[in-house]
Amino acid sequence: MSLDTKKMEGKLCIVTGAERSVGLEIAKRYLQYGARVVMLDVNPEVEQRAEELEKEGYPAVGMVLDVTEQKYVLEVFEGIIEKYGDVYALVNSAGVADVRPFEDITQEIWERMMKVNVCGTAYCIQGVIGNMKKNKEGRIINFSSKAGKEGSSLMSCYGASKGAVITMTQALAKEFAPYKIHVNCLCPDIIDDTGVWNVVRARYTESLHLGEKEVIELYTNKVPLGRFVSKEDVTDVVMFYTISGDSSTGQAVNVTGGRTMH
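The following paragraphs examine the structure supplied in this document. Residue numbering note: each chain is counted from 1, following its sequence as written. It should be noted that, the model being predicted, local features are given only for residues of pLDDT at least 70 and side-chain atom pairs only at 80 or more, the latter also being counted only at that level, while totals for whole chains, interfaces and linings use all residues. Side-chain calculation: all heavy atoms of the structure are included, whereas hydrogens and water are not.

## Regarding the packing of aromatic side chains
1) Next: Stacked, tilted and edge-to-face pairs are distinguished by plane angle, under 30 degrees for stacked and over 60 for edge-to-face with tilted covering the rest, among Phe, Tyr and Trp rings (Trp via its six-membered ring) whose centres lie within 6.5 Å. The final tally for this structure, using the stated rule, is 2 aromatic pairs.
2) Next: Look at phenylalanine 102 and tryptophan 110: their rings are 6.4 Å apart centre to centre, the planes differ by 80°, and that puts the pair in the edge-to-face class.
3) Next: Between phenylalanine 240 and tyrosine 241, the ring centres sit 5.0 Å apart and the planes meet at 85°, which makes this aromatic pair edge-to-face.
4) Next: Above the plane of the ring of tyrosine 88 lies lysine 11, whose end atom (NZ or CZ) is 4.7 Å from the centre. Sitting over a ring, as applied to charges here, requires NZ of Lys or CZ of Arg to be within 6 Å of the ring centre and within 35 degrees of the ring normal.

## Things to note about the pattern of salt bridges
1) Next: Should a side-chain nitrogen of Lys or Arg be within 4 Å of a carboxyl oxygen of Asp or Glu, the pair is scored as a salt bridge. Per the counting criterion, the structure on display carries 12 salt bridges.
2) Next: The shortest N-O distance in the salt bridge between glutamate 75 and lysine 71 comes to 2.7 Å. Of this pair, glutamate 75 and lysine 71 both sit in helix α3 (residues 70-84), separated by 4 residues, roughly a single helical turn.
3) Next: Accessible area is worked out with a 1.4 Å probe on protein chains only. A residue is then buried under 20% of its type maximum, exposed over 50%, and partly exposed in between. Under the relative-accessibility criterion, glutamate 75 is labelled partly exposed at 41%.
4) Next: Across the salt bridge formed by aspartate 86 and lysine 134, the nearest N and O atoms sit 3.7 Å from each other. Here the residue aspartate 86 occupies a position in the loop between α3 and β4 (89-92), and lysine 134 occupies one in helix α4 (residues 107-135), the gap between them amounting to 48 residues.
5) Next: Among the residues examined, aspartate 86 registers a relative accessible area of 41% and is labelled partly exposed.
6) Next: On the accessibility criterion, lysine 134 (58% relative accessible area) is exposed. Only DSSP runs of H or I reaching four residues or more are called helices, and only runs of E reaching two or more are called strands; each is numbered from the N terminus.

## Examining empty space enclosed by the protein
1) Next: Only protein atoms enter the 1 Å grid used here. Points where a 1.4 Å probe fits but cannot escape make up a cavity, open sets with protein on both sides within 12 Å along at least five of seven lines make up a pocket, and a residue lines them when an atom lies within 4 Å of a point. Grid points are joined across faces, edges and corners, and a volume is the space filled by probe spheres set on the points. Here the structure, examined in full by the defined rule, presents 1 cavity of 30 Å³ or more.
2) Next: Of the pockets and cavities examined, the largest cavity occupies roughly 50 Å³.
3) Next: For the largest cavity, the full set of lining residues is Asp189, Ile190, Tyr219, Thr220, Val223, Arg227, Phe228 and Val229.
4) Next: Only Asp, Glu, Lys and Arg are considered charged in this grouping, and only Ala, Val, Leu, Ile, Met, Phe, Trp, Tyr, Cys and Pro are considered nonpolar; every other residue, Gly among them, is considered polar. Class assignment for the residues of the lining of the largest cavity results in 5 nonpolar, 1 polar and 2 charged.

## Section: the sheet that holds strand β3 (residues 60-64)
1) Next: Any two strands are treated as partners once DSSP identifies two or more bridges connecting them. One open sheet holds the 7 strands; their spatial order is β3-β2-β1-β4-β5-β6-β7, and the pairing between them is parallel. What marks the edges here is a single partner per strand, and that holds for β3 and β7 (252-255). Going from strand to strand, the sheet's axes swing by 20° on average, the running direction of each strand aside.
2) Next: Bridge count between strand β6 (residues 181-188) and β7: 4 bridges; the pairing is parallel. Along β7, the bridge assignment pairs leucine 186 with valine 253.
3) Next: Where α3 meets the sheet, its contacts fall on β1 (12-16), β2 (36-41), β3 and β4, and the angle it forms with β2 comes to roughly 160°.
4) Next: Contact criterion: two residues are considered in contact whenever any of their non-hydrogen atoms come within 4.5 Å of each other. Every axis corresponds to a line fitted to the C-alpha atoms, with the helix fit spanning only the stretch in contact, and the corresponding angles, defined between N-to-C directions, vary from 0 to 180 degrees. Packed onto the sheet, helix α8 (residues 231-243) meets β4, β5 (138-143), β6 and β7 and runs at close to 150° relative to β5.

## Quick look at the side chain of glutamate 25
1) Next: In this structure, glutamate 25 sits in helix α1 (residues 21-32).
2) Next: Lacking a salt bridge, the buried glutamate 25 has arginine 29 as its closest oppositely charged neighbour, with an N-O distance of 4.3 Å.
3) Next: Not counting chain neighbours up to four residues away, the residues in contact with glutamate 25 comprise Lys231, Glu232 and Thr235. Only four residue types enter the tally: Lys and Arg on the positive side, Asp and Glu on the negative side, with His and both chain ends excluded.

## Here we look at helix α7 (residues 212-220)
1) Next: Turning to α7, its buried residues are Val215, Tyr219 and Thr220. Take α7 and look down its axis: the buried residues cluster within an arc of 125°, on one side only. It is the directions from the helix axis to the C-beta atoms that the arc portrays.

## Description of the state of the cysteines
1) Next: Two cysteine sulfur atoms make up a disulfide if the distance between them is within 2.5 Å. For the structure shown, the criterion picks out 0 disulfides.
2) Next: You can see cysteine 157 has no disulfide; the closest cysteine sulfur is in cysteine 119, sitting 12 Å from it.
3) Next: Owing to a relative accessible area of 2%, cysteine 157 belongs among the buried residues under this scheme.
4) Next: Left unpaired, cysteine 185 is separated from the closest cysteine sulfur, that of cysteine 187, by 4.4 Å.
5) Next: The buried category is assigned to cysteine 185, whose relative accessible area is 0%.

As structure tokens, then:
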């Protein structure tokens, strides 16, 4: 099935975690399809990424945002809407990961995981939802994880936060359906070229006393399709739920190479 990318021309899309990797790839794809994109990230280099895209002729804007501060998030989103207009799509790809034995998880780690992955997602949705309800139109795509559907050893804290994203997605899909707002989430497996993989690789190398190549082999052997999920794989699914998927909402979609099938 081909996507009617012309639907994206002139639409305003906001992507969090857009400084690198998956978030940046999603922002680029939106721009290639004719959308205007506001790229948000806690890393100040997001402004440089946006400037580079702007020099290529794309309408991209980069802004620094810590998604854990609700008041600040709402102020930033209010300013975006005031300056750039109605928001069509929000992609919440900002997130953090952690890999360690359960008994070593401190209060600070629990709180940071929940503040970024759960509260950060919620605050950004709060920033756009009034505008989307007014227009009776919108696409919200959250990022959960394979770990949010089935527990992964040494990732209990991360998995708990991503499980919360799934249930929040389902609840909001029901709440906002009367306004024609679609809310879905993605549940990817480990994606190469991400901070999550860097954390997982380092921790498993340490915990399992394996070399880097052995850790990679351990993971790829678990995947029926025999390879890591790529950022392009994930972006393809985001585009489907942004442009098409008109009858889909409240879904938690696996992008795992067959590793998770429910």
